[in-house]
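A closer look at the structure
Listed here are the chains, written in short residue letters.
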Amino acid sequence: MALSNGGGDPSHAERPDRRGPVVHKYGGSSLATLKQVRAVAQRVAAARRTGRDVVVVVSARGNTTDRLLRLTESVGAPPAGRETDQLLATGESASAALLAMALHRTGVRAVSLVGAQTGILATGAHGRGVIVAVDTEAIGEVLAQGAVAVVAGFQGLTARRDVITLGRGGSDTTAVAVAAELGAAHCEIYTDVDGVFTADPRLLPAASVLPVVDVDVMAEMSFAGAKVMHARAVELAALRGVDIHVKHSARPGSGTVIAAREETKADMLESPTTVTGVVLDADVARVTLRFGAGDADAATDVFAFLARESLSVDMAALSDESTGVNIGITLHTDDVQPLRDYLARRPGPPGRRMESDEGITKLSLVGTGLLSRPDSTARMLRCLKSAAIAPSSVSTSQMRISVTVPDDDAVRAARVLHDEFGLAALNAGSGFTAPVPA
């Protein structure tokens, strides 16, 4: 079934019984050592012994992906491309096979599915693939045999039968896509943090775990730079009505429920504040493009290129003056050079210029109804000014207020805003009890 974001009724009135299988996803940090692999196998085996079908999606172990990327650099390969994806996909494939072996040792049957066997069909540029469909036939056959299906995440197959990877965190998207297609009510994401926090706890120790987050708010947090969940995974969960439970792999506890199903949202109490979290993204650059007068197609061509290459942009500003066209955007630092290369080969009138500032961090307040309460923006800017922090490139929406600040001021800016909006106390009065998995 197609999983693209266009068309269809997200409520899926004809969705099958949402009890479905148990779907777990384990990140690389949860599988880094053999002791951890054995612990994951024990947890998965316990889930299987309840009589439920179990599907497990895995990432590459530890820093395997980074190590493989260094190998590509050592032979002078481009950072993204067919052969790079072929190599990177082996990390998840190895994890799947190893976990299946560990499950065998517990007495639980398991079958690893990698590459074309996963049934994940994707399109787009290498290194940034987008899932368009999931063929669950192979997974269904494994489950019908009473075995656990261990699926290699992060990878799909193109129409040309080439392996394509889904970008950093893509295993999250694999897990949500599989859960949706198999009719599961929720997907359990096991990672190295206790859930979704009001800010990055490694930078702000006062940050608190949110027992529940609305899926739309989580999508904004992920796009703004929160590393706990892949942005496209959250978007897909919203589209298909799949709750996501984020838990620590070593101490599962209650964690965070990312609420996508209406049944789950009905149990939520209205938040006492419009702001849910503060998010920092240091991996961005502010790019300014200047085109000469008469280059009428400049903006259209640039944004068409960015869309074609699946390069996400944010905080865009466009000015069309008699002297020329100016475009300002923020984008990932890794995407600056591809844009520069495109401009170098783009035909058109002379006089174009590109300026890039990579010494900035995108700082975002995320929540609900922010435009309905314009004092949130004023309060944010006033707070930063009081701290002698000069923001720039302000962008606002109902769910996010973003500014760019100098890298050196970013953590301090996040701390003062976290205090200003009282986010450390958010989890104390949520009034929400996470549902017990069926």
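Residues numbered from 1 in each chain as written. Predicted model: local features only at pLDDT ≥ 70, side-chain atom pairs only at ≥ 80, totals over all residues. Heavy atoms only, no water.

1. Overview of the sheet that holds strand β16 (residues 324-332)
Pairing is antiparallel in the open sheet, where four strands are placed in the order β15-β16-β14-β17. The sheet terminates laterally at β15 (313-321) and β17 (353-357), the two strands that pair on one side only. Pairs of neighbouring strands in the sheet enclose a mean axial angle of 15°, with direction left out of account. In this structure, strand β14 (residues 284-292) lies alongside β16, joined through nine bridges in antiparallel fashion. Pairing of valine 284 across the sheet is with histidine 332, part of β16. (Pairing = 2+ DSSP bridges. Helix = DSSP H or I, 4+ residues; strand = E, 2+ residues; numbered from the N terminus. Axes fitted to C-alpha atoms, helices over the stretch in contact; angles between N-to-C directions.)

2. Notes on the pairing of β15
Relative to β16, β15 runs antiparallel, the two sharing seven bridges. Bridging from a neighbouring strand, glutamate 321 pairs with glycine 324 of β16. Linking β15 to β16, which pair antiparallel, is a turn of two residues.

3. What about the pattern of salt bridges?
Overall, the coordinates contain 18 salt bridges when judged by the stated rule. Arginine 202 is paired through a salt bridge with aspartate 200; the nearest N and O atoms lie 3.0 Å apart. Note that aspartate 409 and arginine 412 form a salt bridge whose closest N and O atoms lie 3.4 Å from each other. By relative accessible area, which is 34% here, arginine 412 ends up partly exposed. (Salt bridge = Lys/Arg side-chain N within 4 Å of Asp/Glu carboxyl O. Buried < 20%, exposed > 50% of the residue type's maximum accessible area, 1.4 Å probe, protein only.)

4. Side note on helix α7 (residues 231-240)
Burial runs high along α7: seven of the 10 residues are buried. For α7, every residue scored as buried is listed here: Ala231, Ala233, Val234, Leu236, Ala237, Leu239 and Arg240. In this structure, the buried residues of α7 make contact with α5 (170-182), α6 (215-224) and β11 (243-248). Phi turns positive one or two residues past the end of α7, at glycine 241, with a value near 65°. (Contact = heavy atoms within 4.5 Å.)

5. What about the sheet that holds strand β20 (residues 400-406)?
Here we have four strands laid out as an open sheet, ordered β13-β18-β20-β19, and antiparallel in their pairing. The sheet is open, and its two edges are formed by β13 (275-281) and β19 (392-396), each paired on a single side. Shown here is a sheet whose adjacent strand axes are inclined to one another by a mean of 15°, direction ignored. Of the pairings in the sheet, the one linking strand β18 (residues 360-367) to β20 comprises seven bridges and is antiparallel in character. From the neighbouring strand, valine 366 faces β20, where its bridge partner is arginine 400. Sheet strands touched by helix α11 (residues 375-386): β18, β19 and β20. Its angle to β20, the strand with the most contacts, is close to 15°. Strands β13, β18 and β20 of the sheet are contacted by helix α12 (residues 410-420), whose axis makes an angle of about 180° with β13.

6. Considering the UniProt feature "domain: Aspartokinase ACT" (unreviewed entry) in the protein chain
In the numbering adopted here, UniProt assigns the feature "domain: Aspartokinase ACT" (unreviewed entry) to residues 363-421. End C-alpha to end C-alpha, residues 363-421 measures 14 Å, and it is 39% helix and 29% strand. (UniProt positions renumbered as here; feature names shortened; annotations may be inferred.)

7. Things to note about the packing of α11 against α12
In the contact formed by α11 and α12, the axes pass within 10 Å of each other and the chain directions differ by 130°. Taken together, α11 and α12 sit at an angle that is classed as oblique. Like other packed secondary-structure pairs, α11 and α12 cross with a definite hand, here right-handed. In this structure, α11 uses Arg379, Met380, Cys383 and Leu384 to contact α12, whose residues at the interface are Ala413, Val416, Leu417 and Glu420. Across the contact of α11 with α12, the residue classes break down as six nonpolar, no polar and two charged. (Parallel < 35°, antiparallel > 145°, perpendicular 65-115°, else oblique. Left-handed = near helix turned anticlockwise from the far one by under 90°. Nonpolar A, V, L, I, M, F, W, Y, C, P; charged D, E, K, R; others polar.)

8. Re helix α9 (residues 298-308)
Residues three or four positions apart in an α-helix share a direction because the helix packs 3.6 residues into each turn. Of all the positions in α9, only Ala298, Ala299, Val302, Phe305 and Leu306 are classed as buried. Seen from one end, α9 has its buried residues packed into an arc of 135°, which puts them on one side. Across α9 from its buried face, at more than 90 degrees, point the exposed residues Thr300, Ala307 and Arg308. Residues of α9 that are buried in the fold lie against β14, β15, β16 and α10 (336-345). (Arc of directions from axis to C-beta.)

9. Examining the side chain of serine 171
As for its position among the elements, serine 171 is in helix α5. Among all residues touching serine 171, those that are not within four sequence positions of it are Lys25, Val57, Val58, Ser59, Glu92, Gly153 and Phe154.

10. What about the packing of aromatic side chains?
Counted by the stated rule, this structure contains two aromatic pairs. With centroids separated by 4.9 Å and ring planes inclined at 10°, the aromatic side chains of tyrosine 26 and tyrosine 190 adopt a geometry described as stacked. Here the residue tyrosine 26 occupies a position in strand β1 (residues 22-26), and tyrosine 190 occupies one in strand β9 (residues 186-191), the gap between them amounting to 164 residues. The same class applies to tyrosine 26 as to tyrosine 190, namely buried. Between phenylalanine 305 and tyrosine 342, the aromatic rings sit 4.3 Å apart at their centres with planes inclined by 10°, giving stacked as the arrangement. Of this pair, phenylalanine 305 sits in helix α9 while tyrosine 342 sits in helix α10; the two residues are 37 residues apart in sequence, bridging distant segments of the chain. Taken as a pair, phenylalanine 305 and tyrosine 342 share a single burial class, namely buried. Its guanidinium or amino end placed over the ring of tyrosine 190, arginine 43 lies 5.1 Å from that ring's centre, counting from NZ or CZ. (Phe/Tyr/Trp six-rings, centres within 6.5 Å; stacked < 30°, edge-to-face > 60°. Lys NZ or Arg CZ within 6 Å of the ring centre and 35° of its normal.)

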